[in-house]
Structure formats: structure tokens, C-alpha cells
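The residues making up each chain are set out below.
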Amino acid sequence: MSVTAETLCTAFRGERRLAAGDALSVARAVRTALEAEPDGPPVLVFDDATGKVVDLDLRGSDEELAWRLSPPPRGPGRPKLGVVAREVTLLPRHWEWLNAQPGGASVALRKLVDEARKGGEAKDRVRRAQETAYRVMLELAGDRPGYEEAVRALYAADRARFEALTADWPADVRDYAGAMAADVFGD
């Protein structure tokens, strides 16, 4: 997973939130904490957008760290449009209908996909929040009492039950899991 200096991250050392913010600031804070207490609990850094654990290369100076986290430069010429050719398998009647549409099959498929995306944005946002919160909860609280029931409450969008089940978790873990789940509960 590609992390740049602007990626928003949160670092935990054990049950304690160590740092939060852009990846460069978090990386510097993690490096400082590891230098001060090399034998302390392990550090986990999460991408706030996905809940995935990211690996930050902390070697070298601050300038080298910033360079590694900077996005690769774009080459000369037109920017990439992001068009990707892939194979789509449809029945003949589907191809007939697509080809009869103004602009042809490609334009019709793009319009259909865009319409479907617009109609399902709220559901997609909730699903992404559930996945993000689940990843964070698994890493930080997977062995805590009430974890499995809290996951069930998360996927049922039951805020009261989720908050009750996570109430006894360490404050930093509980608060971060709740923040990652905010869209599930309509916050």
C-alpha cells in the first residue's frame, strides 16, 4: 500500500495513541518514541482512510524520510487519463442493447456505472466505514472482552450496543475505533 507524506495516519504503541496526523509527522513521532524507548510495546501505524496497518521506513534523516514519503514525480506529457482496457463477458442481447446506445458500448457502460455509484454512495460509505473500523478493532482489540459482540454491533449499526461493549476498552483504542465507525452510525 502506497503512503505519501500527506496520508492521514494514527500510530499506537500498545494501547496508547502515540501520534496522529500526516504520515511524515507520525513517522517522525514514531521514530522519536522508538529511540526513547526501544524495548517498549510494538508500534502499529494505521492509514485512517482504510484502517490498514502501514509500514513506515524510519531510516535516515528527516530529509530522507520526507523524500521516501513524497509521491513519485510525473513525467512529461499529458497526465494519465486512467483508462483501463479489460474484458467484459456479456450475452449477445446485452451487446446488442449496448451497441444501440448513443456513443456505443463503452459510453453506455460508463454511464451505467456512474448511475449505480451515485445511487449507492451512502451504502458504500457505510460499508467502507465498517471495514475500516473492523480492521482497526481486530488489530487493537481483537483479544479484548466484548470484541466479537462489538463487531456484530458495528455491522448491525447499533451505536448504543457498540458503545456499551467498547466502554471498558482503553480510552485511546475505544475512541479511535469509534471515530473509524462514525459513518456507520450516521455521524
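Residues numbered from 1 in each chain as written. Predicted model: local features only at pLDDT ≥ 70, side-chain atom pairs only at ≥ 80, totals over all residues. Heavy atoms only, no water.

**Student:** Honestly, unusual backbone geometry in this entry has me stumped. Any pointers?
**Tutor:** The general pattern is negative phi for most residues beyond glycine and trans for most peptide bonds. Non-glycine residue A157 carries a positive phi angle of around 55°. By secondary structure assignment, the location of A157 is in the loop between α6 (147-155) and α7 (159-166). (Helix = DSSP H or I, 4+ residues; strand = E, 2+ residues; numbered from the N terminus.)

**Student:** So what exactly am I meant to see when it comes to the environment of T10 here?
**Tutor:** Tracing the sequence through the fold places T10 in strand β1 (residues 8-13). On the basis of relative accessible area, T10 is assigned to the buried category, the value being 2%. Taking the C-alpha atoms as reference points, T10 and A133, separated by 123 residues in sequence, lie 13 Å from one another. Ignoring any residue separated from it by four or fewer positions in sequence, one finds T10 in contact with R17, A19, A20, L44, V45, F46, D48 and Y176. For T10, the side chain forms a polar contact with the side chain of D48, separated by 2.9 Å. (Buried < 20%, exposed > 50% of the residue type's maximum accessible area, 1.4 Å probe, protein only. Contact = heavy atoms within 4.5 Å. Polar contact = N/O pair within 3.5 Å; in protein donor to acceptor, adjacent residues only side chain to side chain.)

**Student:** Is there a simple way to explain the pattern of salt bridges in this structure?
**Tutor:** Pairing between side chains of opposite charge can happen when the charged atoms of each approach one another. Tallied over the full model, the rule gives eleven salt bridges. Close ionic contact of E15 with R144 constitutes a salt bridge, the shortest N to O distance being 1.9 Å. Within this pair, whereas E15 is found in the loop between β1 and β2 (16-22), its partner R144 is found in the loop between α5 (121-141) and α6, the two being separated by 129 residues in sequence. Through salt bridges with shared partners, a single ionic network connects R28, R31 and D62. (Salt bridge = Lys/Arg side-chain N within 4 Å of Asp/Glu carboxyl O.)

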